[in-house]
Amino acid sequence: LFDQALTTDDRMLIFSNMSTVISVFYSSNDLDLLLSSPIKSFKLFCGKFLEALFESSWITMIFIFPLIYSVAKFYQASPIYSISTFFLLLPYLMIPTALAFIISTLYLAFIPPKLSRVLYRLVFVCLVTGAFYSLYYLFFKEQYFSFKSPNDILKILAIFSLPNQPYLPSYWLSTILADSLLGNTLLIKEYVVLLFSSALSLFSFSFLLFHLAHFS
């Protein structure tokens, strides 16, 4: 369950962060004012980074917290499990935000922000249109599936599920959460270190790009 939910979130977070990062870091009305103010570059970057993180991840947090609470209650996990999950979600959400900032910064080095937002919205419209067409074709036109049979529901989940690879943050977090409930502590420490070190490394590289772009 954690595997399916977090794998889907992984892809959605990257996509939503791209638009948010461009809006917050490169198209906001207060950017010129903040850059000309005596605020230190690290403090300014942290504020903008947290703004982008919250704007792109609040839907994910609303979705994932009830899931974690339900699973923890079912397995009768201790309150420490829920508290530690909150701290684990922070680096998990930082990774796509930092990646989106790095990709956006390199991308905008060649394409202006206003044109980039138009192209990004066009791609989003095409993806949504394709998704609606796929749903219409599967459920209404050909009538391959229905929600009356459990087997059909499992087939639908199998079609729309995405592979979760060991090199993805969603795999690390889902393994930590699942193994903590089941008492398998063999790989938990390694994945925790990998999760936090990846988040800090990408955050540091993002700040370096930000500082070079605006303060060099």
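For the structure, see preceding data.
To start, this report covers the structure provided alongside it. (Residues numbered from 1 in each chain as written. Predicted model: local features only at pLDDT ≥ 70, side-chain atom pairs only at ≥ 80, totals over all residues. Heavy atoms only, no water.)

**Concerning the overall build of the chain**
Here's step 1: Helix and strand counts for the chain stand at eight helices and zero strands.
Here's step 2: Listed N to C, the secondary structure of the chain is α-α-α-α-α-α-α-α in terms of helices and strands.
Here's step 3: A total of 216 residues make up the chain; the buried ones form 36% of that total.
Here's step 4: Once local pairs closer than 6 in sequence are excluded, the contacts in the chain between residues at least 24 apart make up 78%.
Here's step 5: Of the roughly 13300 Å² that the chain leaves accessible, carbon and sulfur atoms contribute 72%. (Helix = DSSP H or I, 4+ residues; strand = E, 2+ residues; numbered from the N terminus. Buried < 20%, exposed > 50% of the residue type's maximum accessible area, 1.4 Å probe, protein only. Contact = heavy atoms within 4.5 Å. Areas by Shrake-Rupley, 256 points an atom, 1.4 Å probe, with all protein chains shown as cover.)

**Quick notes on the pattern of salt bridges**
Here's step 1: Inspection of every chain in the model, using the stated rule, returns one salt bridge.
Here's step 2: For Lys48, the salt bridge is made with Asp30, and the minimal N-O distance between the two is 3.1 Å. Here the residue Lys48 occupies a position in helix 3 (residues 41-74), and Asp30 occupies one in the loop between helix 1 (2-26) and helix 2 (31-36), the gap between them amounting to 18 residues.
Here's step 3: Lys48 gets classed as buried once you look at its relative accessible area, which sits at 4%. (Salt bridge = Lys/Arg side-chain N within 4 Å of Asp/Glu carboxyl O.)

**Some words on the nonpolar core**
Here's step 1: Of all hydrophobic cores here, the largest spans 42 residues; its most connected members are Phe25, Phe45, Phe49, Tyr92, Phe101, Leu173 and Leu195.
Here's step 2: Contributing elements (two or more residues each) for this core: helix 1, helix 3, helix 4 (79-108), helix 7 (169-182) and helix 8 (188-214).
Here's step 3: Setting aside its immediate chain neighbours within four residues, Phe49 contacts Phe25, Met94, Thr97, Ala98 and Phe203. (Core = buried A, V, L, I, M, F, W, Y, C linked by side-chain atoms within 4.5 Å.)

**Brief notes about the side chain of Lys48**
Here's step 1: Polar contacts involving the side chain of Lys48 include one to the main-chain carbonyl oxygen of Val24, which spans 3.4 Å.
Here's step 2: At 3.1 Å, the side chain of Lys48 and the side chain of Asp30 are in polar contact.
Here's step 3: With sequence-adjacent residues up to four places away left out, Lys48 is seen in contact with Val24, Phe25, Ser28, Asp30 and Leu34. (Polar contact = N/O pair within 3.5 Å; in protein donor to acceptor, adjacent residues only side chain to side chain.)

**Quick look at a nonpolar patch on the surface**
Here's step 1: Where nonpolar side chains cluster on the molecular surface, the patch consists of Phe54, Trp58, Ile59 and Ile62 and spans about 450 Å² of accessible area.
Here's step 2: Taking relative accessible area as the criterion, Trp58 reaches 40% and is therefore assigned partly exposed. (Patch = residues over 30% accessible without salt bridge, like charges linked within 9 Å, V, L, I, M, F, W, Y side chains within 5 Å.)

**With respect to the side chain of Ser174**
Here's step 1: As for its placement among the helices and strands, Ser174 is situated in helix 7.
Here's step 2: Among the polar contacts listed, one links the side chain of Ser174 to the backbone oxygen of Tyr171, at a separation of 3.1 Å.

**Quick look at the packing of helix 3 against helix 4**
Here's step 1: With their axes 9 Å apart at the nearest point, helix 3 and helix 4 run at an angle of 140 degrees to one another. Relative to helix 4, the element helix 3 lies oblique. The element helix 3 and its partner helix 4 pack so that their crossing is right-handed. Listed contacts from helix 4 to Phe45, Phe49, Ala52, Leu53, Ser56, Ser57, Thr60, Met61, Ile64, Phe65, Ile68 and Ala72 of helix 3 are Tyr81, Ser82, Thr85, Phe86, Leu89, Leu90, Leu93, Met94, Thr97, Ala98 and Phe101.
Here's step 2: Of the residues that constitute the contact of helix 3 with helix 4, the class distribution is 17 nonpolar, six polar and no charged. (Axes fitted to C-alpha atoms, helices over the stretch in contact; angles between N-to-C directions. Parallel < 35°, antiparallel > 145°, perpendicular 65-115°, else oblique. Left-handed = near helix turned anticlockwise from the far one by under 90°. Nonpolar A, V, L, I, M, F, W, Y, C, P; charged D, E, K, R; others polar.)

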